[in-house]
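Coordinate inspection notes
Below are the chains, spelled out letter by letter.
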Amino acid sequence: MNEAEMKIDSITETKDDSQKKKAGQPSASSESAAKYPKMDLAQRIHKLQMTSKGKLDDLKKTKSEDVRREILDELENPSLYRALSIPFGWDSVESLTEMENKHKEAMKVFEEKVKEAKENAGDMEVLDARLEAARFAAKSLSKEVALDMYEKVLDLPKLSTGKKIDALMECARVASFHNDLKKNTELIERASKLAQDGGDWDRRNRIKVYSALSKLLSRDIKEASSLLVDGIATFSCNELCSYTDFLVYTVISSILHLPRPELKTKIIDGPEILSVNKEIPQVISLVNALHNCDYEAYLHAMVEVHDVLIADRFLEPHSGYFMRELHVLGYKQFLDSYKSVTLDSMASSFGVSISFLDNQLSRFIAAGRLTAKIDKYGGVVETNRPDLKNAQYRDMIQKGDLLLNRIQKLARVVDI
């Protein structure tokens, strides 16, 4: 082993025998997926951020020092350490400059290996060398460097569709780890297009999970729900999130968009979800209470689910949206059963005060989220069920007018 190879060995992570056989190859399944970036570390960093802001009481006590040591000792990532040192109050470390110098030398060695592979070996050896450099960058260097190194992998000639998809998924994880939603979405869209054109069954299933979490972050909850439900039985993306977390995302998004019969068959009675009931009691209590029309238990479950939303980096940005939509869903389901109901009776069903309920219903009715009106004098809520046929007719007329206007504009342009 020459000096350059010894240097590489000293700075890259230790792999077991099965990983060595596949070193440098993009992942075709979660078992062989790149170890870094570690998405569970991203979750722990998020919990620390929420705890430091007073938004979360971390009962499991994610320790700042444990995260700090992991970044310094395992990842050896000066860029990440500096980014977190101010919000977490970490002390400056003299060894960061030494790490950066060591990483610069390592990258030079990686480039030498790529050059040597181009001159003396084949395309596969060049790919191996490029991926080794990209995966090192994902572990120990900045987001920008890591993304640039993966782009160099994707720019290689004669790269198969499958390997492009795998490299794009690994690159998307880098963007996701660093909370770059725009880049993450772009990479996943590229991978999805390739998967549709020529990806195998396993890659298409994994891309669904990546796409679902991307949709979740961009608040396309309905599309995310569809993709998540489809992926329940075929989940294999443990490098992106745990299966338990995946099911939490599935349940919460499905509550808002699945029809009641499908919610029962696919979520409440789904064997995969039943198998982890004890691990996710908050969200299970929520969906069961809604289905059983136990509205007081439903609101209590919402309070517990709020902490689940805050503690998760994919759900926290939309925690306010989820809580609002869950309130609307509960009130709407209750009011659908009545033509009119007293505020006192409804408040009793939800276990809240009349003033609280009156305030909430007023806001949602004014926003057009509930088709009802409040008779304050009589203390009654009256529902106004919309006429579906008339609504469809009005919608058709409006769309027809828009179409005619566009045709007229197009005709004027053609005449000119």
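In what follows, the accompanying structure is described. Since this is a predicted model, take the numbers as computed values, not measurements.

Thresholds applied
Residues numbered from 1 in each chain as written. Predicted model: local features only at pLDDT ≥ 70, side-chain atom pairs only at ≥ 80, totals over all residues. Heavy atoms only, no water. Helix = DSSP H or I, 4+ residues; strand = E, 2+ residues; numbered from the N terminus. Buried < 20%, exposed > 50% of the residue type's maximum accessible area, 1.4 Å probe, protein only. Contact = heavy atoms within 4.5 Å. Areas by Shrake-Rupley, 256 points an atom, 1.4 Å probe, with all protein chains shown as cover. Salt bridge = Lys/Arg side-chain N within 4 Å of Asp/Glu carboxyl O. Expected span 1.5 Å × (residues − 1). Phe/Tyr/Trp six-rings, centres within 6.5 Å; stacked < 30°, edge-to-face > 60°. Lys NZ or Arg CZ within 6 Å of the ring centre and 35° of its normal. Core = buried A, V, L, I, M, F, W, Y, C linked by side-chain atoms within 4.5 Å. Pairing = 2+ DSSP bridges. Axes fitted to C-alpha atoms, helices over the stretch in contact; angles between N-to-C directions.

On to the overall build of the protein, then. Scanning the protein for helices and strands turns up 21 helices and three strands. Of all 416 residues assigned to the protein, the portion counted as buried reaches 46%. Contacts in the protein between residues far apart in sequence, at least 24 positions, make up 63% of those at least 6 positions apart. Entry remark: accessible area of the protein is about 22,100 Å², with carbon and sulfur atoms responsible for 51%.

Looking now at the environment of glutamate 223. Its location among the elements puts glutamate 223 in helix H12 (residues 221–230). Overall, glutamate 223 belongs to the partly exposed group, its relative accessible area being 36%. A sequence separation of 30 residues divides glutamate 223 from serine 253, and the C-alpha atoms of the two residues are 9.3 Å apart.

Applying the stated criterion to the full structure yields 32 salt bridges. The partner of lysine 143 in a salt bridge is glutamate 144, and the shortest N-O contact between them spans 4.0 Å. We classify lysine 143 as buried; its relative accessible area is 19%. The residue lysine 193 makes a salt bridge to aspartate 197 at a minimum N-O spacing of 3.6 Å. Separated by four residues within a single helix, lysine 193 and aspartate 197 lie in helix H10 (residues 181–198), roughly one turn from each other. Since its relative accessible area comes to 54%, lysine 193 is described here as exposed. Overall, the relative accessible area of 58% leaves aspartate 197 in the exposed class.

In this section: helix H3 (residues 39–52). The end-to-end C-alpha distance of H3 is 20 Å, a good match for the 20 Å that 14 residues give at a rise of 1.5 Å each. Of all the residues in H3, the buried ones are Met39, Leu41, Ala42, Gln43, Ile45, His46, Leu48 and Met50. The inward-facing, buried residues of H3 abut helix H4 (64–75), helix H5 (78–88), helix H9 (161–177), helix H13 (243–257) and helix H17 (295–311). Backbone geometry just downstream of H3 places glycine 54 in the positive-phi region, at approximately 80 degrees.

Attention now moves to the packing of aromatic side chains. Tallied over the full model, the rule gives 14 aromatic pairs. Plain terms: the ring middles of tyrosine 321 and phenylalanine 322 are 5.9 Å apart, the flat faces sit at 65 degrees to each other, and that makes the pair edge-to-face. Across the pair, phenylalanine 322 and tyrosine 321 agree in class, each one buried. Linked through ring pairs, Tyr295, Tyr331, Phe334, Tyr338, Phe350 and Phe364 together constitute an aromatic cluster. Sitting over the ring of phenylalanine 314, arginine 313 keeps its end group 5.3 Å from the ring centre.

Grouped together as the largest cluster of nonpolar side chains are 99 residues, with contacts concentrated most on Leu216, Phe322 and Met346. When sequence neighbours within four positions are dropped, the list of residues in contact with phenylalanine 322 reads Leu216, Ile221, Ile252, Leu256, Leu309 and Leu315. Core analysis: the next-biggest nonpolar cluster, separate from the first, contains 18 residues, Met39, Leu48, Leu84 and Leu96 among them.

It is worth spelling out unusual backbone geometry at this point. A cis amide bond links tyrosine 36 with the next residue in sequence, proline 37, at an omega value of -5 degrees. Here proline 37 is to be found in the loop between helix H2 (17–21) and H3. Its identity as a non-glycine residue notwithstanding, glutamate 76 has a phi of 50 degrees, on the positive side. Relative to the assigned elements, glutamate 76 resides in the loop between H4 and H5.

If you trace the three strands from one edge of the open sheet to the other, you get S1-S3-S2, paired in antiparallel fashion. Looking at the sheet topology across the chains shown, the edges are occupied by strand S1 (340–342) and strand S2 (372–375). Put simply, the sheet's adjacent strands are angled 20 degrees from each other on average, direction ignored. As defined by bridge partners, S2 adjoins strand S3 (residues 380–383) across four bridges and the pair is classed as antiparallel. If you follow lysine 373 over to S3, its bridge partner there is glutamate 382. Across the sheet, helix H19 (residues 343–350) lies against S1, S2 and S3, angled at about 75 degrees from S1, the strand it touches most.

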